[in-house]
Every structure is written in C-alpha cells, then in structure tokens.
Amino acid sequence: MQGLGGTGAQQSKDCAFDAGSLLGAPLKISWFLVIFFVYQLIDAVNAKGLPVWVRVVTVTGNEFLLLLTVLCHEMGHGTMARRRGGDIAEVLLWPFGGIC
C-alpha cells in the first residue's frame with residue numbers, strides 16, 4: 001500500500017496487540033478499542049439509576065456483541081478472499097470496525 005492509506009494502515013497495526021488467530025488468520029485488537037471499552041465502563045460506574053452491576057454487565061455485553069458482529073463481518077470478507085484465491089494477512093479490530 002502506498003500514500004496515506006499505507007501510513008494509516010501501518011499506524012493502525014502499530015497500535016494493536018495480538019489476540020490469537022481465527023481459522024488460520026492472525027487476529028489483532030487495537031489498543032484504542034480497549035481504551036474505549038474502559039471509558040465506557042468508567043462512565044457506567046459513575047452513572048446514576050440502575051445498580052452498578054447491571055450497568056457494567058450491559059456495557060460488557062454490548063461491547064462483546066459489537067466485537068463479535070465486526071469479527072463475523074470481517075471473516076466474511078476473508079472467506080470470500082480465500083474462495084477467490086487470496087489470503088488473509090490479518091484481521092484487525094478497531095473502534096471504527098475491522099480490517100481484513
């Protein structure tokens with residue numbers, strides 16, 4: 001990749017950690033996604049209304065569903081790439097979705 005796209009892609013990879021592999025494809029998660037999740041947890045703990053445990057479970061469940069949805073979507077891209085003769089270099093999950 002060249003130009004700004006290549007620079008942005010490299011910066012995204014530099015700010016991510018390895019989270020294992022899925023169907024032979026390396027899985028990375030952006031630190032920004034972790035920071036976003038922690039911010040949401042702090043916000044839920046400081047909110048008023050429902051008990052703290054309900055707010056924490058809700059935030060955790062929502063984050064899990066979001067990551068699972070994005071991961072399924074990106075694996076769909078990867079599956080199609082493999083069927084067309086390509087390969088999956090890695091799957092990156094970050095706050096704006098995913099990159100396969």
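Details of the structure are given in the entry above.
Summary of the structure given here. (Residues numbered from 1 in each chain as written. Predicted model: local features only at pLDDT ≥ 70, side-chain atom pairs only at ≥ 80, totals over all residues. Heavy atoms only, no water.)

This part covers helix α3 (residues 52–83). Turn by turn, an α-helix covers 3.6 residues, leaving residues three or four places apart pointing in a common direction. With 32 residues, α3 should cover 46 Å at 1.5 Å per step; its first-to-last C-alpha distance of 46 Å lies within 8% of that length. Within the span of α3, buried status applies to Arg55, Val59, Glu63, Val70, Leu71, Glu74, Met75 and Gly78. Buried-residue contacts for α3 involve β1 (16–22), β2 (25–30), α2 (31–46), β3 (91–94) and β4 (97–99). Downstream of α3 by one or two residues, Gly85 has phi in the positive range, about 95 degrees. (Helix = DSSP H or I, 4+ residues; strand = E, 2+ residues; numbered from the N terminus. Expected span 1.5 Å × (residues − 1). Buried < 20%, exposed > 50% of the residue type's maximum accessible area, 1.4 Å probe, protein only. Contact = heavy atoms within 4.5 Å.)

Looking now at the packing of α2 against α3. At a minimum axis distance of 8 Å, the contact between α2 and α3 shows a crossing angle of 155 degrees. On the basis of their axis angle, the class for α2 and α3 is roughly antiparallel. Once α2 is placed against α3, the crossing between them reads as right-handed. Between α2 and α3, the residues in contact are Leu33, Phe36, Phe37, Gln40, Leu41, Ala44 and Val45 and Val52, Arg55, Val56, Val59, Thr60, Glu63 and Leu67, respectively. (Axes fitted to C-alpha atoms, helices over the stretch in contact; angles between N-to-C directions. Parallel < 35°, antiparallel > 145°, perpendicular 65-115°, else oblique. Left-handed = near helix turned anticlockwise from the far one by under 90°.)

With 10 residues, the main nonpolar core is built from Ala25, Leu27, Ile29, Leu33, Val70, Leu71, Met75, Ile88, Val91 and Leu93. Mapped onto this core, the elements with two or more residues apiece are β2, α3 and β3. Excluding anything up to four places from it in sequence, Leu27 contacts Phe17, Asp18, Ala19, Gly20, Ser21, Leu71, Val91 and Leu93. (Core = buried A, V, L, I, M, F, W, Y, C linked by side-chain atoms within 4.5 Å.)

Counted by the stated rule, this structure contains one aromatic pair. Between Phe17 and Trp31, the ring centres sit 4.6 Å apart and the planes meet at 45 degrees, which makes this aromatic pair tilted. Of the two residues, Phe17 is situated in strand β1 and Trp31 in helix α2; the sequence distance between them amounts to 14 residues. Judged by its relative accessible area of 45%, Trp31 falls in the partly exposed class. (Phe/Tyr/Trp six-rings, centres within 6.5 Å; stacked < 30°, edge-to-face > 60°.)

Our focus in this paragraph is the environment of Leu27. Take Leu27: it is sitting in strand β2. Overall, Leu27 belongs to the buried group, its relative accessible area being 13%. Separated by 62 residues in sequence, Leu27 and Ala89 have C-alpha atoms that sit 9.5 Å apart.

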